[in-house]
Amino acid sequence: MGNNATIYTETNRLVLRSFCLEDVESFYIYRSNPDIARFQSWDNYQRNQAVTFINEQIESSPNIPGSWLQYAVALKTTNQLIGDCAVHTPIAESDIVEIGFTFASEYQGKGYATEAVKGLLGYLFEIFNKHKVIAYTNVENESSVRLLERVGMRREGHLLQNYKSKGKWVDEYLYAILQQEWVYSLEK
Ligand SMILES: CC(C)(COP(=O)(O)OP(=O)(O)OC[C@H]1O[C@@H](n2cnc3c(N)ncnc32)[C@H](O)[C@@H]1OP(=O)(O)O)[C@@H](O)C(=O)NCCC(=O)NCCS
């Protein structure tokens, strides 16, 4: 485990933990990949941005209204960083949180993102008693749409020209799951 990393939750193959300085290289490599950045807010990501970002994350804690926290997703066996899940806790209503996710290309197509997001949903509903979890995705981001549906989130909205991505207005889907839907899916 990296220096002083906090483990937030675990799944069969993965651990969701705080970031540590040992993650900088892996994080920088996947963030600077243009395929990974295609539907994300960043472009041409630089190594110094990764260093600043990870240092900020090391200082951050979960569930602080008004902030985003990035959860590092690592393999249990090696502690290798394979991606991250982000959670936004809004100030106005902190019982409804927004999630996002990014996984390194070489770790896609193996069900890791599904496993991590399911683990994150359980953590948010069971540890923080969140009422609802939402996610926005570009309508053209097919792997993201498939992932959101695989973890049991419902399409609640089709929002036209809702986000300016790299200078161009894009349509988004809003996905959501209520705590009661999560609990019901566990009982089935
Ligand atoms: C969105 C993203 C995280 C999805 O990653 P992913 O690898 O497709 O998702 P998973 O890890 O759950 O893998 C699912 C795929 O692996 C396959 N798979 C293989 N083994 C599996 C297993 N044990 N369990 C589940 N699925 C498995 C599934 O069939 C599925 O393939 P399909 O999508 O072709 O049907 C990834 O594309 C990404 O990081 N994109 C760039 C960042 C981004 O755009 N983020 C979203 C912003 S809203």
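Conventions we followed
- Residues numbered from 1 in each chain as written.
- Predicted model: local features only at pLDDT ≥ 70, side-chain atom pairs only at ≥ 80, totals over all residues.
- Heavy atoms only, no water.
- Near = heavy atom within 4 Å.
- Polar contact = N/O pair within 3.5 Å; in protein donor to acceptor, adjacent residues only side chain to side chain.
- Areas by Shrake-Rupley, 256 points an atom, 1.4 Å probe, with all protein chains shown as cover.
- Helix = DSSP H or I, 4+ residues; strand = E, 2+ residues; numbered from the N terminus.
- Nonpolar A, V, L, I, M, F, W, Y, C, P; charged D, E, K, R; others polar.
- Axes fitted to C-alpha atoms, helices over the stretch in contact; angles between N-to-C directions.
- Parallel < 35°, antiparallel > 145°, perpendicular 65-115°, else oblique.
- Left-handed = near helix turned anticlockwise from the far one by under 90°.
- Contact = heavy atoms within 4.5 Å.
- 1 Å grid on protein atoms, 1.4 Å probe; cavity = no way out; pocket = protein on both sides within 12 Å on 5 of 7 lines; lining within 4 Å.
- Points joined across faces, edges and corners; volume = space filled by probe spheres on them.
- Buried < 20%, exposed > 50% of the residue type's maximum accessible area, 1.4 Å probe, protein only.
- Arc of directions from axis to C-beta.
- Salt bridge = Lys/Arg side-chain N within 4 Å of Asp/Glu carboxyl O.

A. Structural view of the site of the ligand. Taken together, the neighbourhood of the ligand is formed by 20 residues, with Phe101, Phe103, Gly109, Ala113 and Thr114 sitting nearest. In the model, an oxygen atom of the ligand is placed 3.2 Å from a nitrogen or oxygen of the Gly111 main chain. One of the side-chain N or O atoms of Arg150 is found 3.3 Å from an oxygen atom in the ligand. For the ligand, whose free accessible area comes to 950 Å², the fraction covered by protein is 71%. Put simply, the parts of the chain that give the shell around the ligand at least two residues each are β5 (96-103), α4 (112-126) and α5 (142-150). Residue contributions to the shell around the ligand peak at five residues, all from α5. Residues that form the shell around the ligand fall into these classes: eight nonpolar, nine polar and three charged.

B. View of the packing of helix α1 (residues 24-31) against helix α3 (residues 47-58). α3 packs onto α1 with a crossing angle of 125° between their chain directions and a minimal axis gap of 9 Å. Here α1 lies oblique to α3, going by the angle between them. Handedness of the crossing formed by α1 with α3: right-handed. Facing Val24, Glu25, Phe27, Tyr28 and Arg31 of α1, the residues of α3 in contact are Arg47, Ala50, Val51, Phe53 and Ile54. Tallied by class, residues from the contact of α1 with α3 come to seven nonpolar, no polar and three charged.

C. Main features of the layout of surface pockets. Approximately 1,200 Å³ is the volume attributed to the largest pocket. Taken together, 44 residues make up the lining of the largest pocket; nearest its centre are Gln40, Phe101, Thr102, Asn141 and Ser144. The dominant element in the lining of the largest pocket, judged by the number of residues it contributes, is α5, at seven residues. Taken together, the residues of the lining of the largest pocket sort by class into 18 nonpolar, 15 polar and 11 charged.

D. Inspection of α1 at higher detail. Considered for burial, the residues of α1 that qualify are Val24, Phe27, Tyr30 and Arg31. Looking straight down α1, one finds its buried side chains confined to an arc of 145°; they lie on one side. Against α2 (34-37), α3, β3 (67-75), β4 (81-89) and β5 lie the buried residues of α1.

E. Quick peek at the pattern of salt bridges. According to the stated counting rule, one finds nine salt bridges in the structure shown. A salt bridge links Glu149 to Arg155, with the nearest nitrogen and oxygen atoms 3.7 Å apart. Using a relative accessible area of 43% as the deciding quantity, one classes Arg155 as partly exposed. Note that Arg154 is salt-bridged to Glu181, the shortest N-O span being 2.6 Å. With Arg154 in strand β7 (residues 154-165) and Glu181 in helix α6 (residues 179-187), this residue pair connects regions lying 27 residues apart in the sequence. On the accessibility criterion, Arg154 (31% relative accessible area) is partly exposed. Relative accessible area serves as the criterion here: at 25%, Glu181 is assigned to the partly exposed category. When salt bridges that share partners are traced, they join Lys132, Arg154, Glu156 and Glu181 into one network.

That is the geometry; function is a separate question.
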